[in-house]
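Below are the chains, spelled out letter by letter.
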Amino acid sequence: MNAEDKAMLAVDFCGLDFQTPLVLLSGCVGFGEEYTRVEGFSNRDVGAVCLKGTTLEPRLGNAPHRVFETPAGMLNAIGLQNPGSAQVIESILPGLDFDETRFIANLSGSTVEEYQAIARLFDDSPIDAMEINISCPNVKEGGVAFGNDPDMSARVVQACRAVTDKPLITKLSPNQTDIAENARRCIEAGSDAFAVINTLMGMAVDVESRSPLIGNNQGGLSGPAIKPIALLKVHQVYQVCRGHGIPIIGQGGIASAEDALEFLIAGASAVGIGTALFYDPLICPRINAGIVDYLKRHGCAGVGQLTGTLRLNDAPPAPCGA
Ligand SMILES: Cc1cc2nc3c(=O)[nH]c(=O)nc-3n(C[C@H](O)[C@H](O)[C@H](O)COP(=O)(O)O)c2cc1C
């Protein structure tokens, strides 16, 4: 990719220089080092890498099975297995190459105080930004219980905001009635950006044993199966964000350049790649190339010109960036 193509892909995300609009999603790349062992893979192909969800204390995660493939997607209930915030900061962050890309911590807690304590720890670390995961469906307390209640969501964001000036990205749950209202409350509480969406709750059943196939009984559904839902949620959240200049990392089933373009047009400034990495670890350079090709064909100078250019069917068509 030449310098002109690279310039087309660059995105300013909350003051962070993303070299491409692609973000590797939390839980799908370990702690940022996992895929660097795959030949041909490079963190330089993405704007940022979100680390696995991190709690204050270490967690062993859920009993197996933790993942199950479903039509056009997968269920997972990992249960936030992680070594705890202090260990991530002391042992994992020093091994990451911050010249290659931006790194984002993913915060999970059972109480508002726990989220705040983790944010305080990461504030005093080299991490570039923090994603507040108030939408994890796979833990018994906290997680989605916070994310589905706008009051609780705002309280978590406010508590984290009080202890850090680093960019705060709130990860919204699709498992709620009014995602736009929740986003509005989180903006008031100090959120700088959003990740839209986390997984949808789902279940698979083994008919012989008549038991759920996931150890946790239910899990989070991801992959292409959730893409139409995710696109609508990005569109809805963008209606709230556009007036505030708040960017969105659109995600949910992206597996091609065309998928990524749909999310950008619907209102995302960056796009997440998660489940697709499980079956195609080298997908990112191809998505980048496809986005550049589209930008050239449509006379767009850069990827930012696409964000929110969706023309609803009752509006007249307009040129790129209008
Ligand atoms: C195995 C697995 C583990 C995940 N772990 C986390 C996590 O720790 N924190 C989080 O915020 N999201 C987690 N997610 C959700 C993803 O980051 C992403 O939001 C979701 O999978 C939708 O994108 P996708 O369809 O491209 O995978 C996980 C997803 C998968 C598949």
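Residues numbered from 1 in each chain as written. Predicted model: local features only at pLDDT ≥ 70, side-chain atom pairs only at ≥ 80, totals over all residues. Heavy atoms only, no water.

Participant: Can you help me understand the packing of aromatic side chains in this one?
Facilitator: Taken as a whole and judged by the stated rule, the model has four aromatic pairs. Here Y115 and F146 contribute two aromatic rings whose centre-to-centre distance is 5.6 Å and whose plane-to-plane angle is 85°, an arrangement assigned as edge-to-face. Here Y115 is found in helix α3 (residues 112-123), whereas its partner F146 is found in helix α4 (residues 144-147), with 31 residues between them in sequence. With a relative accessible area of 6%, F146 lands in the buried category. (Phe/Tyr/Trp six-rings, centres within 6.5 Å; stacked < 30°, edge-to-face > 60°. Helix = DSSP H or I, 4+ residues; strand = E, 2+ residues; numbered from the N terminus. Buried < 20%, exposed > 50% of the residue type's maximum accessible area, 1.4 Å probe, protein only.)

Participant: Where do I start with the side chain of N133 in this structure?
Facilitator: Looking at the element boundaries, N133 is found in strand β8 (residues 129-133). Of the polar contacts made by the side chain of N133, one reaches the side chain of S108; its length is 3.3 Å. (Polar contact = N/O pair within 3.5 Å; in protein donor to acceptor, adjacent residues only side chain to side chain.)

Participant: What exactly am I supposed to notice about the packing of helix α5 (residues 150-161) against helix α6 (residues 179-188) here?
Facilitator: To describe two helices that pack against each other, one gives the angle between their axes and the distance between the axes. Contact geometry for α5 and α6: axes closest at 8 Å, N-to-C directions at 30°. With respect to α6, the element α5 is oriented roughly parallel. α5 and α6 meet at a crossing whose hand is right-handed. Contacts between α5 and α6 involve P150, D151, S153, A154 and V157 from the first element and N182, R185 and C186 from the second. Of the residues that constitute the contact of α5 with α6, the class distribution is four nonpolar, two polar and two charged. (Axes fitted to C-alpha atoms, helices over the stretch in contact; angles between N-to-C directions. Parallel < 35°, antiparallel > 145°, perpendicular 65-115°, else oblique. Left-handed = near helix turned anticlockwise from the far one by under 90°. Contact = heavy atoms within 4.5 Å. Nonpolar A, V, L, I, M, F, W, Y, C, P; charged D, E, K, R; others polar.)

Participant: Help me understand the site of the ligand, please; the structure alone is not making it clear to me.
Facilitator: Within the structure, the ligand sits among 22 residues, and S26, K171, Q251, G253 and T275 are positioned closest to it. K52 is positioned such that a nitrogen or oxygen atom in its side chain is 2.9 Å from an oxygen atom of the ligand. Backbone polar atom of G223 to an oxygen atom of the ligand: 2.8 Å apart, as the coordinates give it. For the ligand, whose unbound accessible area comes to 610 Å², protein coverage reaches 98%. Here the shell around the ligand is composed, by residue class, of five nonpolar, 15 polar and two charged. (Near = heavy atom within 4 Å. Areas by Shrake-Rupley, 256 points an atom, 1.4 Å probe, with all protein chains shown as cover.)

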